[in-house]
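Next come the chains, spelled out residue by residue.
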Amino acid sequence: MSKKKQAKPGLTHVDAEGRPTMVDVSAKEVTVRDARAQCQVRFPADVAAELRRHGMSTKKGAVIDTAIIAGTMAVKRTSELIPFCHPLPIDGCRIGIDWSGENVLLVECDVRTTHRTGVEMEALTGATVAALTIYDMCKALSHKLVIGPARLAGKRGGKRDFGRVD
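Overview of the structure. Just so it is clear, the model here is predicted, and its values are computed rather than measured.

Ranked by size, the top nonpolar core spans 30 residues in total, and within it F43, L51, I97, L105, I134 and C138 carry the most contacts. Of all the secondary-structure elements, those providing two or more residues to this core are β1 (31-42), α1 (45-53), α2 (63-76), β4 (92-99), β5 (104-115) and α4 (120-138). Considering each element in turn, this core owes the most residues, seven residues, to α4. Aside from chain neighbours lying at most four places away, what touches L105 is C39, Q40, V41, F43, M56, I64, I97, D98, W99 and I134.

Structure, rendered in structure tokens:
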């Protein structure tokens, strides 16, 4: 049984002369591509308790709902923020936000497309913008909120699958 030789990973957004360039994906196969990113927002204990007491609302409004909307909008606009991201048709986007322990909200952003390139950057952008929105909605309660880490939890489709998307 022969093993498929994988190309050595390298920088893809530079040309032969070392200049920045957008990757040409025209020869790649169109496949379903999924990605999941996660980002945490850590609260001081008293702030987390106050948020829970008030049903995740502040004077600015519903924290979770606002963050979901902001993250979804960010997913759709990723190519406007990250210079070499291709504009992609987004087939689906789901942002989930829930407590992961007493003082930590976990933001998960799942994105799907059917295209020639993946949606890792879209998922990361959605998760981090949702986390930033949570910070914005809660900063009047404390400036001791901590955002991060943000990470790619998984991707599927394309050359290499990574982590878990399900």
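Back to the write-up after that little detour.
Bringing the sheet that holds strand β7 (residues 162-163) into the picture now. Taken in spatial order, the five strands make up an open sheet running β4-β5-β1-β6-β7, and their pairing is antiparallel. Each having just a single partner strand, β4 and β7 make up the two edges of the open sheet. Two elements, β1 and β5, share 12 bridges in a ladder whose sense is antiparallel. Paired with V41 across the two strands is L105, which belongs to β5. The sheet strands contacting α2 are β4 and β5, and the helix crosses β4 at an angle near 145°.

Okay, the packing of aromatic side chains next. Taken as a whole, this structure holds one aromatic pair when the rule is applied. R52 extends its terminal NZ or CZ atom over the ring of W99, reaching a point 4.0 Å from the ring centre.

Okay, the environment of V14 next. Its place among the elements puts V14 in the segment before β1. For V14, a relative accessible area of 36% translates into the label partly exposed. In the structure, V14 is positioned 107 residues away from M121 in sequence and 18 Å away in space, judged by C-alpha atoms. Beyond its immediate chain neighbours, meaning those up to four positions away, V14 contacts R19, P20 and T21.

Those residues of α1 that sit buried are V47, A48 and L51. Projection of α1 onto a plane perpendicular to its axis shows the buried side chains occupying an angular sector of 100°, all on one side. Seen from the buried face of α1, the exposed residues on the opposite side, beyond 90 degrees, are D46 and R53. Where α1 is buried, its residues touch β2 (57-58), α2, β4 and α4. A positive phi of about 60° marks G55, the residue just after α1.

Conventions used here
Residues numbered from 1 in each chain as written. Predicted model: local features only at pLDDT ≥ 70, side-chain atom pairs only at ≥ 80, totals over all residues. Heavy atoms only, no water. Core = buried A, V, L, I, M, F, W, Y, C linked by side-chain atoms within 4.5 Å. Buried < 20%, exposed > 50% of the residue type's maximum accessible area, 1.4 Å probe, protein only. Helix = DSSP H or I, 4+ residues; strand = E, 2+ residues; numbered from the N terminus. Contact = heavy atoms within 4.5 Å. Pairing = 2+ DSSP bridges. Axes fitted to C-alpha atoms, helices over the stretch in contact; angles between N-to-C directions. Phe/Tyr/Trp six-rings, centres within 6.5 Å; stacked < 30°, edge-to-face > 60°. Lys NZ or Arg CZ within 6 Å of the ring centre and 35° of its normal. Arc of directions from axis to C-beta.

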